[in-house]
Amino acid sequence: MQYYSLNNQSPVVSFSQATIQGQAPDKGLYFPTSIPQLPVGFIDNIKNLSKEEIGFSVMKPYVSGEIPDSVLQQIVAETINFDFPLVKIDDQISSLELFHGPTLAFKDVGARFMSRCLGYFSRNNNAKVTVLVATSGDTGGAVANGFLGVVGVEVVILYPSGKVSPVQEMQLTRLGKNIHALEINGTFDDCQAMVKNAFVDEELTRKVNLTSANSINVARWLPQQLYYFYAYQQWQFQDAPVVCVPSGNFGNICAGILAYVSGLPIKQFIAACNSNDAVPSYLRTGVYQSKDAVATISNAMDVGNPSNFVRIMQLFSNSHLELLEKLTAYSISDPITSLTIREVYRDFKYMLDPHGAVAYYALHNYLQTHENSKGLFLETAHPVKFPDVVERETNVKLAIPEQVQYLLKQPKQSILMDANYEQLKEWLIANC
Ligand SMILES: *Cc1c(COP(=O)(O)O)cnc(C)c1O
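Thresholds applied
- Residues numbered from 1 in each chain as written.
- Predicted model: local features only at pLDDT ≥ 70, side-chain atom pairs only at ≥ 80, totals over all residues.
- Heavy atoms only, no water.
- Helix = DSSP H or I, 4+ residues; strand = E, 2+ residues; numbered from the N terminus.
- Rg over C-alpha atoms; globule rule 2.2 N^0.38 Å.
- Buried < 20%, exposed > 50% of the residue type's maximum accessible area, 1.4 Å probe, protein only.
- Areas by Shrake-Rupley, 256 points an atom, 1.4 Å probe, with all protein chains shown as cover.
- Lys, Arg positive; Asp, Glu negative; His and termini not counted.
- Charge placed at Lys NZ, Arg CZ, Asp CG, Glu CD.
- Polar contact = N/O pair within 3.5 Å; in protein donor to acceptor, adjacent residues only side chain to side chain.
- Contact = heavy atoms within 4.5 Å.
- Axes fitted to C-alpha atoms, helices over the stretch in contact; angles between N-to-C directions.
- Parallel < 35°, antiparallel > 145°, perpendicular 65-115°, else oblique.
- Left-handed = near helix turned anticlockwise from the far one by under 90°.
- Nonpolar A, V, L, I, M, F, W, Y, C, P; charged D, E, K, R; others polar.
- Pairing = 2+ DSSP bridges.
- Near = heavy atom within 4 Å.
- Phe/Tyr/Trp six-rings, centres within 6.5 Å; stacked < 30°, edge-to-face > 60°.

(A) Just the overall build of the protein, in detail. A count of helices and strands for the protein gives 19 helices and 14 strands. Taking 2.2 N^0.38 as the reference for a compact globule, 432 residues should give roughly 22 Å; the C-alpha atoms of the protein span a radius of gyration of 21 Å, in line with that estimate. On the principal axes, the C-alpha backbone points of the protein span a range of 60 × 50 × 45 Å. When burial is assessed residue by residue, the protein has 60% of its 432 residues classed as buried. Per element, the accessible surface of the protein, about 17,600 Å² overall, is 47% carbon and sulfur. Charge centroids of the protein, computed over 32 positive and 40 negative side chains, lie 3 Å from each other.

As structure tokens, this is what we get:
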């Protein structure tokens, strides 16, 4: 498979080049030159296939020629070595739980796949690669865990001091080895601005081999298709599901749409957003306007200008009309999100995290006017990662899950730094 830049001003590249570069030189997102179609009979037979078999078949066309089958099988097996249960909440709505991985969030899937691909591609290369990310909480943990111990890769994570939850902070600061947590005296926006500066600083990038690990990177984006297949495997109704995805940068839902274009039956997509409503506005008006991000309780979705939206447009031939037929979008406020956590716990004893709550409410809303449909939403993080709001709304004290208990015994290691780019630059040159 080859990949081209959606800005059309850069050469076509291979999967490994797209993975190593992250973004194209013309600042465009890489996109596959063709969308592979599922083999005939694949969907009819899907219930007889293992997660590993599905993962291998779906990913193979995207990496073909660059990762030998046996290595890809291994990478896929390590990527998806936890459960993806579809849990019924009521007659119409099920929850696809994506929080059973090592850092309790769906980003584990993309981070694990990408880290192993990067490890494979740099196996004979003595030049060290530095993965640089800013996190508001969730991305950083998944990236840290995914890359832990990968030879030849240093990971540097900037996070806003005092603004991530205790479990999130443990996941960033207690791994050690090749994972470095920079605790920034500032906001998430400060962290992101410092990282953006670093990527465009030629003096720095001459000295340090920097790459990013967000959903712009094809190796993080593409494997996110897999759990849409695992959901379909567990789907018990004749009619295809309505699928609702809590969306920020729109990488996750875009992977689902890609799976659909390849042949996976999905009746309708719903993008569930918080108050950051660039996409819902676009669907309503036909005019796309990026906005400044506003802070919400579902903070992993506080994105004003979703990067992956251009990929979604490409999948619908850049047609507003085609998009409207398949995608519905809602913007859900914080008070409704909190109330949803409270009511779903009260009525069904099901505990939502704020991101899942945004999605639950959007799906519920849609199904009220589509009574014959049934749907599932993606529960993207474990509620314990957002204890303040969840404990307040449910009156339940959340216990630290088994997957992260081992971190309690490790010491915190973070490097305190002001929100000052020159300090970051000096540190990177000295340490990477
Ligand atoms: C990152 C994240 C999202 C948003 O996913 P996108 O691919 O950016 O749309 C939703 N929920 C949680 C918990 C996340 O960490």
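(B) Structural detail: helix 10 (residues 226-234). Taken across its nine residues, helix 10 has eight buried, putting it largely inside the fold. Those residues of helix 10 that fall on the buried side of the exposure criterion are Leu-226, Tyr-227, Tyr-228, Phe-229, Tyr-230, Ala-231, Tyr-232 and Gln-233.

(C) Fine view of the side chain of Thr-135. Assignment of secondary structure puts Thr-135 in the loop between strand 6 (129-134) and helix 5 (138-147). Given a relative accessible area of 1%, Thr-135 falls into the buried group. A polar contact of 3.5 Å, which involves the side chain of Thr-135, links it to the backbone nitrogen of Thr-139. A polar atom in the side chain of Thr-135 sits 3.0 Å from the backbone nitrogen of Gly-140. When near neighbours in sequence (up to four residues on either side) are disregarded, Thr-135 contacts Gly-140, Ile-157, Leu-158, Tyr-159, Pro-160, Leu-172 and Phe-188.

(D) Here's a closer look at the packing of helix 15 (residues 334-348) against helix 17 (residues 387-394). Running from amino to carboxyl end, helix 15 crosses helix 17 at an angle of 50°, the nearest separation of the two axes being 8 Å. Comparing the axis directions of helix 15 and helix 17 gives the class oblique. Between helix 15 and helix 17 the crossing geometry is right-handed. Contact residues: Ser-338, Ile-341, Arg-342 and Tyr-345 in helix 15; Val-389, Val-390, Arg-392, Glu-393 and Thr-394 in helix 17. By residue class, the composition of the contact of helix 15 with helix 17 is four nonpolar, two polar and three charged.

(E) Up close: the sheet that holds strand 5 (residues 93-97). Strand order in the open sheet made by the six strands is 4-5-13-10-11-12, with mixed pairing throughout. Of all the strands in the sheet, the pair left with one neighbour each is strand 4 (86-88) and strand 12 (327-331). Strand after strand, the sheet turns through a mean of 25° between neighbouring axes, direction not considered. Direction of pairing for strand 11 (residues 268-273) relative to strand 12: parallel, over a ladder of five bridges. Looking at the pairing, Ile-270 lines up with Thr-328 of strand 12. Contacts between helix 11 (residues 251-262) and the sheet are confined to strand 10 (242-246), strand 11, strand 12 and strand 13 (375-379), with strand 11 contributing the most and set at about 175° to the helix. Each of strand 5, strand 10, strand 11, strand 12 and strand 13 is contacted by helix 16 (residues 354-368), which is oriented at about 165° to strand 13, the strand it contacts most.

(F) How the structure looks around the sheet that holds strand 6. Here we have five strands laid out as an open sheet, ordered 9-6-7-8-14, and parallel in their pairing. Looking at the sheet topology across the chains shown, the edges are occupied by strand 9 (210-211) and strand 14 (415-418). One ladder, built from six bridges, connects strand 7 (residues 153-160) with strand 8 (residues 179-185); its direction is parallel. Bridge pairing in strand 8 links Pro-160 to Ile-184. Along the sheet, helix 19 (residues 421-431) makes contact with strand 6, strand 7, strand 8 and strand 14, crossing strand 14 at roughly 145°.

(G) How the structure looks around the site of the ligand. The ligand sits among 15 residues. The nearest are Lys-107, Asp-138, Gly-248, Asn-249 and Thr-380. In the model, an oxygen atom of the ligand is placed 2.7 Å from a nitrogen or oxygen of the Asp-138 side chain. At 3.2 Å, a backbone N or O of Gly-251 approaches an oxygen atom of the ligand. Contact with the protein chains removes 96% of the 380 Å² of surface that the ligand exposes when unbound.

(H) Structural view of the packing of aromatic side chains. Throughout the structure, instances matching the rule amount to 17 aromatic pairs. Ring plane angle 75° and centroid distance 6.0 Å describe the contact between Tyr-4 and Phe-31, whose orientation is recorded as edge-to-face. Linking Tyr-4 in strand 1 (residues 2-5) with Phe-31 in strand 3 (residues 30-32), this pair joins segments that are 27 residues apart in sequence. Relative to Phe-229, the ring of Phe-42 lies with its centre 6.3 Å away and its plane at 80°, an arrangement referred to as edge-to-face.

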